[in-house]
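Architecture and fold: a report
Here are the chains, one letter per residue:
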Amino acid sequence: IIMDWILGLIILITLVLGYWIMDKIDYFFELPTTFPETKKYITYGGVMIVYGNSEFADSLLEILEENDEPYVHIQDERLITFEESYICIFAVDKDDYKNLSISKSARRRFNIHNQVILCNDVIYENVFRNNGEPFVYAEDNPQKMLLIAKEGIEVRKND
């Protein structure tokens, strides 16, 4: 009779332990670590940052969505994390000062060298030229901005 109790206890422990293990396995497969965008991420080596808020930014985001490009859209520089790998930044705010500021910050603090900046007002063209980063005008097609960035990505891959 004692053997029956011990055998019943072993079976009960095995069932509970088996359920617990299966629950942990199910939880693991539900985690977002099986990133659906891993292939895109690996292809490029990181994600693109779209910084700012403007009609130009909206158009650029539409193009990125249509092309299924890996990107994050932020409107606050503090949201850029050191844990992420960034391949380029698009500074596309309607405020030229913010665009130039994020450009300098991205290079200095986050070591993002592939940048394309939006110049909203032609009056500041010389300031943008002196900045040394490629830029486009607000009248330009956002596709032009993406092509400039992709050239930088290709150069980086070949290095």
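Keep in mind it's a predicted model, so treat the numbers as computed, not measured.

Rules used in this analysis
Residues numbered from 1 in each chain as written. Predicted model: local features only at pLDDT ≥ 70, side-chain atom pairs only at ≥ 80, totals over all residues. Heavy atoms only, no water. Patch = residues over 30% accessible without salt bridge, like charges linked within 9 Å, V, L, I, M, F, W, Y side chains within 5 Å. Areas by Shrake-Rupley, 256 points an atom, 1.4 Å probe, with all protein chains shown as cover. Salt bridge = Lys/Arg side-chain N within 4 Å of Asp/Glu carboxyl O. Helix = DSSP H or I, 4+ residues; strand = E, 2+ residues; numbered from the N terminus. Buried < 20%, exposed > 50% of the residue type's maximum accessible area, 1.4 Å probe, protein only. Contact = heavy atoms within 4.5 Å. pLDDT = per-residue confidence, 0-100. Expected span 1.5 Å × (residues − 1). Arc of directions from axis to C-beta. Polar contact = N/O pair within 3.5 Å; in protein donor to acceptor, adjacent residues only side chain to side chain. Pairing = 2+ DSSP bridges. Right-handed = clockwise from strand over helix to strand, strands pointing away.

Together, I1, I2, M3, W5, I6 and I10 give the surface a local cluster of nonpolar side chains, amounting to about 780 Å² of exposed area. If you trace the backbone, I1 turns up in the segment before α1 (2-30).

Turning our attention to the environment of A57. Within the fold, A57 resides in helix α3 (residues 55-66). Residue classification places A57 among the buried residues on the basis of a relative accessible area of 0%. A57 sits 37 residues away from K94 along the chain, and the two C-alpha atoms are 8.7 Å apart. Not counting the four nearest positions on each side in its chain, A57 is found in contact with G52 and V92.

Within the protein, residue pLDDT values average 82, and 84% of them lie at 70 or more. Low pLDDT (under 50) marks residues 32-39, which in the prediction has one contact with non-local residues, meaning those over four places away or in another chain.

Turning our eyes to something else, we now look at α3. Here α3 spans 17 Å end to end across 12 residues, near enough to the 16 Å set by a 1.5 Å rise per residue. For α3, the complete set of buried residues consists of F56, A57, L60, L61, I63 and L64. Buried residues of α3 fall within an arc of 160° about the axis and therefore sit on the same side. Residues of α3 that are exposed and point more than 90 degrees away from the buried face comprise E55 and E66. Looking one or two residues beyond α3, the residue adopting positive phi is D68, at roughly 55°.

Let's shift gears to helix α4 (residues 96-110). If you check α4, its first and last C-alpha atoms are 20 Å apart, about what 15 residues at 1.5 Å a residue would give, namely 21 Å. Among the residues making up α4, those that are buried are D96, N99, L100, I102, S103, S105, A106 and F110. Lining the buried residues of α4 we find β1 (47-51), β3 (86-91), β4 (115-119) and α5 (125-131). Its side-chain oxygen 2.9 Å from the backbone nitrogen of Y97, D95 forms the N-cap of α4.

Our focus in this paragraph is the pairing of strand β2 (residues 71-74). Here four bridges tie β1 to β2, and the two strands are oriented parallel to one another. When the bridges of β2 are listed, M48 appears paired with Y71. This β-α-β element, β1 to α3 to β2, shows right-handed connectivity.

Before going further, it helps to spend a moment on the pattern of salt bridges. Tallied over the full model, the rule gives four salt bridges. With a closest N to O distance of 2.6 Å, K150 and E69 form a salt bridge. In this pair, K150 is assigned in helix α6 (residues 142-158) and E69 in the loop between α3 and β2, connecting sequence segments 81 residues apart. For K144, the salt bridge goes to D140, with nearest N and O atoms at 3.6 Å.

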